[in-house]
Amino acid sequence: MVARPLPIGILVSGRGSNMEAIADAVACGSVPARIQVVISDRPEARALELARRRGLKACCLEPRDYPSRQAYDQALAATLKKEGVELVVLAGFMRLLSQDFLDQFPDGVINIHPALLPAFPGLNAQRKAWEYGVKFSGCTVHFVDAGTDTGPIIAQAVVPVKDDDTPETLAARILVEEHRLYPEVIKWLAEGRVTMQGRRVKVKI
Ligand code: GRF
């Protein structure tokens with residue numbers, strides 16, 4: 001039996017390379033999902049332009065058009081619901097989502113972070129890891145909760161930190177793994193292979 005493609009919405013704020021990796025994987029049939037909509041909080045985000053060029057439905061919801069964070073999150077959730085989205089994929093989306101928003105998509109919001117959580121949460125994770133002097137870093141895909149990069153971990157990929165790395169070369173090596181791992185996790189979720197016990201996530205391979 002062929003499973004129904006999982007309807008996903010991708011939230012972006014910037015460059016859009018993870019959005020592109022996911023869109024490529026969906027387009028070539030390796031991830032059984034359908035991208036219902038791409039939403040940016042920034043009109044100038046390159047990701048919006050890239051999504052439109054691919055013929056994806058894309059729109060911008062600007063926080064300044066809403067009186068409060070609550071009103072913004074409500075509008076965001078309403079747009080995603082209207083498009084039939086069941087899995088919300090954060091791909092470089094630079095805003096924290098409120099508990100009210102998350103309650104509308106139980107276990108249905110995921111994020112990718114460019115470090116091995118719980119180390120180096122927040123901004124500039126690749127630089128923080130490099131400055132700290134860790135010998136391995138990587139990326140983490142996790143369910144989103146109301147904290148900053150604190151939700152249950154679904155999968156991680158490890159990359160070595162080399163002696164001659166700069167924050168930029170390390171970030172580039174991590175990004176290659178992000179583009180591989182994020183579509184893979186969406187595939188697992190679409191195939192119903194992910195379960196959770198407390199905050200321990202298990203994947204049936
Ligand atoms: C990625 O490094 C991702 O891990 C982080 O934000 C960056 C987004 O890059 N959450 P892009 O917009 O997908 O190119």
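To be clear, the structure that these remarks concern was listed above.
Residues numbered from 1 in each chain as written. Predicted model: local features only at pLDDT ≥ 70, side-chain atom pairs only at ≥ 80, totals over all residues. Heavy atoms only, no water.

## Let's talk about the side chain of Gln 36
Move 1: Relative to the helices and strands, Gln 36 is located in strand β2 (residues 33–40).
Move 2: For Gln 36, a relative accessible area of 16% translates into the label buried.
Move 3: Looking at Gln 36, its side chain comes within polar contact range of the main-chain oxygen of Glu 83, at 2.8 Å. (Helix = DSSP H or I, 4+ residues; strand = E, 2+ residues; numbered from the N terminus. Buried < 20%, exposed > 50% of the residue type's maximum accessible area, 1.4 Å probe, protein only. Polar contact = N/O pair within 3.5 Å; in protein donor to acceptor, adjacent residues only side chain to side chain.)

## What about the packing of aromatic side chains?
Move 1: Enumeration according to the criterion identifies three aromatic pairs in this entry.
Move 2: Arranged with centres 5.4 Å apart and planes meeting at 35°, the rings of Phe 101 and Phe 105 form a pair that is tilted.
Move 3: For Phe 101, a relative accessible area of 1% translates into the label buried.
Move 4: Each ring, one from Phe 120 and one from Tyr 132, has its centre 5.7 Å from the other, and the planes form 65°; the classification is edge-to-face. With Phe 120 in the loop between β5 (109–113) and α5 (125–132) and Tyr 132 in helix α5, this residue pair connects regions lying twelve residues apart in the sequence.
Move 5: In this structure Phe 120 comes out as buried when scored by relative accessible area, which is 15%.
Move 6: The class for Tyr 132 is exposed, based on a relative accessible area of 65%.
Move 7: Across the ring face of Phe 105, the terminal group of Lys 81 is positioned such that the distance to the ring centre comes to 4.3 Å.
Move 8: Over the ring of Tyr 72 we find Arg 95, and its NZ or CZ is 4.3 Å from the ring centre. (Phe/Tyr/Trp six-rings, centres within 6.5 Å; stacked < 30°, edge-to-face > 60°. Lys NZ or Arg CZ within 6 Å of the ring centre and 35° of its normal.)

## Quick word on α5
Move 1: Buried within α5 we find Ala 125, Gln 126 and Ala 129. Down the axis of α5, the smallest arc covering the buried residues is 100°, so these residues share one side.
Move 2: Contact partners of the buried residues in α5: β5, β6 (136–143) and α6 (167–190).
Move 3: Trailing α5 by a residue or two, Gly 133 shows a phi angle of about 90°, which is positive. (Arc of directions from axis to C-beta. Contact = heavy atoms within 4.5 Å.)

## Quick notes on the pairing of strand β8 (residues 194–197)
Move 1: Here four bridges tie β8 to strand β9 (residues 200–203), and the two strands are oriented antiparallel to one another. Bridge assignment links Met 196 to a residue of β9, and that residue is Val 201. (Pairing = 2+ DSSP bridges.)

## Observations regarding the pattern of salt bridges
Move 1: Following the criterion strictly, the structure yields twelve salt bridges and no others.
Move 2: The partner of Arg 180 in a salt bridge is Glu 177, and the shortest N-O contact between them spans 2.7 Å. Taken as a pair, Arg 180 and Glu 177 lie in helix α6 at a separation of three residues, close to a single helical turn.
Move 3: Exposure remark for Arg 180: the relative accessible area of 45% places this residue in the partly exposed category.
Move 4: Where salt bridges share partners, they join Glu 20, Asp 24 and Arg 54 into one cluster. (Salt bridge = Lys/Arg side-chain N within 4 Å of Asp/Glu carboxyl O.)

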